[in-house]
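Single-letter residue listing:
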Amino acid sequence: MKEIKKILCAVDLSDHSKDVAEYALLLAQKLNASVLVVYTAPSLSQYVGFHVPPNTIENFVGEIVTGAEKSMESFVAENFPGVEAKGQVLIGYAAEEILNRAKEESVDLIVMGTHGRKGIDRILFGSVAEKVVKNADMPVLTVRPTDIED
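Residues numbered from 1 in each chain as written. Predicted model: local features only at pLDDT ≥ 70, side-chain atom pairs only at ≥ 80, totals over all residues. Heavy atoms only, no water.

The name given to the protein in an unreviewed UniProt entry is Universal stress protein, with the source organism recorded as Desulfovibrio legallii. The protein has a UniProt comment under Subcellular location (unreviewed entry) that states "Cytoplasm". Turning to the protein, the UniProt record has this under Sequence similarities (unreviewed entry): "Belongs to the universal stress protein A family." (UniProt positions renumbered as here; feature names shortened; annotations may be inferred.)

This is how it looks when you write it as structure tokens:
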């Protein structure tokens, strides 16, 4: 069986991210693996054509990234005690960025949450987790929110 030495834990820094981190931490502890925790901020570049000055969009994205970096630092410290873990904030489309970083870092496993959307919400918003699962070269463990009603 293939060894798991590097885990990418993709989070959205919501309350559900703690549940996702628990699984990544448990696996990292049991397998003596390191964890790369990533959050993807939207680039918002698709809005440049809507009469919004590019510098305004860049400033807004910059503020999102700065805030996310601060949140990521405390998130990693709080949720990954005793294991080698680092956080990174990426910019772009979440599924693409997660897959690219997983390849670049040669991770052995991706752990990520799902939003548990159903019906029209799922059709309208799509699923980052679904796209990652379908396109990843390595195994993906998805963690569903516990407060979703069936």
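Below, the discussion takes up the overall build of the protein. What the protein contains, in helices and strands, is five helices and five strands. Mapped from its N terminus to its C terminus, the protein presents α and β elements in the order β-α-β-α-β-α-β-α-α-β. Buried residues in the protein amount to 39% of all 150 residues. In the protein, 77% of the contacts between residues at least 6 apart in sequence involve partners at least 24 apart. In the form shown here, the protein has an accessible surface area of approximately 9,200 Å², with 52% of it arising from carbon and sulfur atoms. (Helix = DSSP H or I, 4+ residues; strand = E, 2+ residues; numbered from the N terminus. Buried < 20%, exposed > 50% of the residue type's maximum accessible area, 1.4 Å probe, protein only. Contact = heavy atoms within 4.5 Å. Areas by Shrake-Rupley, 256 points an atom, 1.4 Å probe, with all protein chains shown as cover.)

A word on the pattern of salt bridges. The final tally for this structure, using the stated rule, is six salt bridges. Of the charged contacts, one joins Glu104 and Arg101 as a salt bridge, the two residues approaching to 3.0 Å between their closest N and O atoms. Here Glu104 pairs with Arg101, and both are found in helix α3 (residues 94–104), just three residues apart, close to one helical turn. Taking relative accessible area as the criterion, Glu104 reaches 57% and is therefore assigned exposed. (Salt bridge = Lys/Arg side-chain N within 4 Å of Asp/Glu carboxyl O.)

Grouped together as the largest cluster of nonpolar side chains are 24 residues, with contacts concentrated most on Ile7, Cys9, Val37 and Phe80. Counting only elements with at least two residues in this core, the list comes to β1 (6–10), α1 (17–31), β2 (34–41), α2 (54–79) and β4 (109–113). Residues contacting Phe80, with those up to four places away along its chain left out, are Cys9, Ala21, Ala24, Leu25, Val35, Val37, Phe75 and Ala85. In this structure, Leu36, Leu99, Ala102 and Val107 belong to the second largest nonpolar core, which totals 16 residues. (Core = buried A, V, L, I, M, F, W, Y, C linked by side-chain atoms within 4.5 Å.)

All right, on to the sheet that holds β2 then. Picture the strands of a sheet paired through backbone hydrogen bonds; they go either parallel or antiparallel. The parallel open sheet is built from five strands, whose spatial order is β3-β2-β1-β4-β5. In this open sheet, the two strands that pair with only one neighbour each are β3 (85–91) and β5 (140–143). Pairwise comparison of adjacent strand axes, ignoring direction, gives a mean angle of 20° for this sheet. Taken together, the four bridges between β4 and β5 define a ladder with parallel strand orientation. Within β5, the position partnered with Gly113 by the bridge is Val143. (Pairing = 2+ DSSP bridges. Axes fitted to C-alpha atoms, helices over the stretch in contact; angles between N-to-C directions.)

Across the interface, α3 lies against helix α5 (residues 128–135) with an axial gap of 9 Å and an inter-helix angle of 35°. Crossing angle aside, the handedness with which α3 passes α5 is right-handed. When α3 is examined against α5, the residues Ala94, Ala95, Ile98 and Leu99 are found in contact with a partner set consisting of Val128, Lys131, Val132 and Asn135. Grouping the amino acids of the contact of α3 with α5 by side-chain chemistry returns six nonpolar, one polar and one charged. (Left-handed = near helix turned anticlockwise from the far one by under 90°. Nonpolar A, V, L, I, M, F, W, Y, C, P; charged D, E, K, R; others polar.)

Moving on, we come to the environment of Val20. When you line up the elements, Val20 lands in helix α1. Looking at Val20, the relative accessible area reads 2%, which means it is buried. Measuring from C-alpha to C-alpha, the distance between Val20 and Met112 comes to 6.0 Å, with 92 residues separating the pair along the chain. Discounting chain neighbours no more than four positions away, the residues touching Val20 are Cys9, Ala10, Val11, Val111, Met112, Gly113 and Val143.

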